[in-house]
Amino acid sequence: MSTAITGEILIGQRAIDNGQRSLKAVNPATGETLSPDFAVAGPAEVEQACVAAWAAFDAYRETSLEARARFLETIGDRIMDLGQALIDRAVAETALPAGRIEGERARTVGQLRLFAQVVRAGEFLDVRIDPAMPDRQPLPRPDLRLRNVALGPVAVFGASNFPLAFSVAGGDTASALAAGCPVVVKGHPAHPGTGELVGRAIQSAARECGMPDGVFSLLLGGVETGAALVQDARIKAVGFTGSRVGGLALVDIASKRREPIPVFAEMSSINPVFLFPAALAARAEELGKAFVGSLTMGAGQFCTNPGIVVALESPDLDRFLKAADSALSAYVPGAMLTPGIYGAYEKGVQALEKADGVQVCARGTVGEGPNRGRAAIFSTSVSNFLAQEALQHEIFGASSLVVRCKSIEEMRQVAESVEGQLTVTLHLEESDYELARGLVPVLERKAGRILANGWPTGVEVAHAMVHGGPFPATSDSRFTSVGTLAIRRFLRPVSYQSLPAALLPESLRAENLSRLPRLEDGKRLLP
């Protein structure tokens, strides 16, 4: 398939040039402007994309499970067909290394194929049958049949830090398409060429699989484009990965519509790491080195970056910090994703440097070239951490704050005080288990994922994964944006009472029930 990048807007099977080519891609490592210029979607293009998505909705949501699964797999195949051109463009637009982009491509295609498996299995439909009981006393029971149906067209906002896995064909798009929802993507302006290549791969797959025109569109633009998309009455849900400010702005827009809609926003997390005494005593140096590896991965631009470390004041903690200092001093920073992200990082680090009661523990080297954030580790006392709410604010980049505690009770106070998180990490030995046992119930209230003796960076795409958490980690802690449970965001249940068989959806008709997993008269049955 063609790997030409034209800068056009993609709506259904069309490519549109509206003459408003004001968006330019920039290589953040060099400052070089990349060709071509990209067309920015205005109100007319938002309207066209939403009209097309709505027109496609009823037909697409009733495609057979096999056809929908094959569509998802074909998207993955067409992305792979883009070959080295996709890798090269993504590297140029993000300054991420080629190996990282190749891994992210594999994750993106893997997500699509995993959701194809979910669709084929049919469990996501949650079919339930309560057969009629006309002779039941004192009242008869009507025939009741239930399935999940797609919410409607979904607006997906591409993320800056994952140009493939959380963007045009990323997890939000894959799970929405799997649920039966057409998708209108608002591509991230930091990697528009990468987005167009992937968007054209989706277009190609939709055409090849005979999907309804309008099942997918890709728009570029700024705040106004995103706001218009969320305001459109045909959009029924939003998937977003980004800043707290951006996520809350979308939540506010969606809540003020005539018909409010859900915004599934992944926003802000500092991902506390708790170092327990025996673990520090046994492996302080190892932990210090591994901590820096997690902190600086991808220039610290992960939503699961370890933003605070909580530990007891001790010589073992000093050993940990010495090892971290040694590792960090050797770290040469790469370019951050955009000048805006770099500027926000520098501002955040400077604010920590000036904050009362905060000390600098370690700094990385100064990078050569634009947009290279110098890594930093700070420390403070528990009392100071609890007194200054600003110390809990996320700094998107390779910066972390060590909170020194005098007791396990103070560690618990920190756990109670932090906001909702995507992750919480425990480093512990068996002799720490009793100390940790009292902390776990607190952490269950605070985070979507609790992990032991690992690091939060790196999110497995799996059936049991949760990438979500209480506010402000996400706008709705009941859901995840990674893993197969992500499909639940874009579904709702419909119950059919005493409908004639001819009017029932095919999946609920008696002759088809045996093909699907279901709950029938309270008993779990498999196909």
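The following paragraphs examine the structure supplied in this document. (Residues numbered from 1 in each chain as written. Predicted model: local features only at pLDDT ≥ 70, side-chain atom pairs only at ≥ 80, totals over all residues. Heavy atoms only, no water.)

What follows is about the overall build of the chain. Looking only at helices and strands, the chain has 15 helices and 21 strands in total. Dimensions of the chain, computed from C-alpha atoms along their principal axes, come out at roughly 75 × 65 × 40 Å. Out of the 527 residues in the chain, the part that is buried amounts to 57%. Sequence separation of 24 or more characterises 77% of the internal contacts of the chain that already satisfy a separation of 6 or more. Averaged over its 52 positive side-chain charges, the chain has a centre that lies 3 Å from the centre of its 57 negative ones. (Helix = DSSP H or I, 4+ residues; strand = E, 2+ residues; numbered from the N terminus. Buried < 20%, exposed > 50% of the residue type's maximum accessible area, 1.4 Å probe, protein only. Contact = heavy atoms within 4.5 Å. Lys, Arg positive; Asp, Glu negative; His and termini not counted. Charge placed at Lys NZ, Arg CZ, Asp CG, Glu CD.)

Moving on to the pairing of strand β8 (residues 183-186). With burial as the criterion, each face of β8 is covered, one bearing V183 and V185 and the other bearing V184 and K186. Judged from the four bridges that link them, strand β7 (residues 154-157) and β8 form a sheet pairing that is parallel. Looking across to β8, one finds that V154 is bridged to V183. With helix α5 (residues 171-179) bridging β7 and its parallel neighbour β8, the resulting β-α-β unit is right-handed. Across four bridges, the pairing between β8 and strand β9 (residues 216-219) is parallel. The residue of β9 that forms the bridge with V183 is F216. The parallel pair β8 and β9 is bridged by helix α6 (residues 192-208), and the resulting crossover is right-handed. (Pairing = 2+ DSSP bridges. Right-handed = clockwise from strand over helix to strand, strands pointing away.)

The next point concerns the packing of aromatic side chains. What describes a pair of aromatic rings is the distance from one ring centre to the other and the angle between the planes of the rings. For the structure shown, the criterion picks out nine aromatic pairs. Seen in terms of ring centroids, F157 and F240 are 6.0 Å apart; in terms of plane orientation they differ by 65°. Their pairing is edge-to-face. With F157 in strand β7 and F240 in strand β10 (residues 237-241), this residue pair connects regions lying 83 residues apart in the sequence. The exposure class of F157 is buried, given its relative accessible area of 8%. With relative accessibility at 10%, the residue F240 sits in the buried group. If you follow R61 out to its NZ or CZ, it ends over the ring of F57, 5.4 Å from the centre. Over the ring of Y60 we find R68, and its NZ or CZ is 5.8 Å from the ring centre. (Phe/Tyr/Trp six-rings, centres within 6.5 Å; stacked < 30°, edge-to-face > 60°. Lys NZ or Arg CZ within 6 Å of the ring centre and 35° of its normal.)

This paragraph deals with the sheet that holds strand β19 (residues 491-497). Spatially, five strands are ordered β19-β6-β5-β20-β21 in an open sheet, and the strand pairing comes out mixed. Every other strand in the sheet has two partners, leaving β19 and β21 (523-525) as the edge strands with one partner each. The average undirected angle you get between the axes of adjacent strands in this sheet is 25°. The sheet contact formed by strand β5 (residues 127-130) and strand β6 (residues 144-150) spans three bridges and is antiparallel. Within the sheet, the bridge partner assigned to D130 lies in β6 and is L144. (Axes fitted to C-alpha atoms, helices over the stretch in contact; angles between N-to-C directions.)

This part takes up the pattern of salt bridges. Applying the stated criterion across every chain yields a total of 36 salt bridges. Of the charged contacts, one joins R120 and E66 as a salt bridge, the two residues approaching to 2.8 Å between their closest N and O atoms. Here R120, found in helix α4 (residues 98-121), pairs with E66, found in helix α2 (residues 65-81); they are 54 residues apart in sequence, far enough to count as distant. D126 serves as the salt-bridge partner of R128, at 3.2 Å between the closest nitrogen and oxygen. Overall, the relative accessible area of 34% leaves R128 in the partly exposed class. A residue is classified by how much of its surface remains accessible, and D126, at 25% relative accessible area, is partly exposed. (Salt bridge = Lys/Arg side-chain N within 4 Å of Asp/Glu carboxyl O.)

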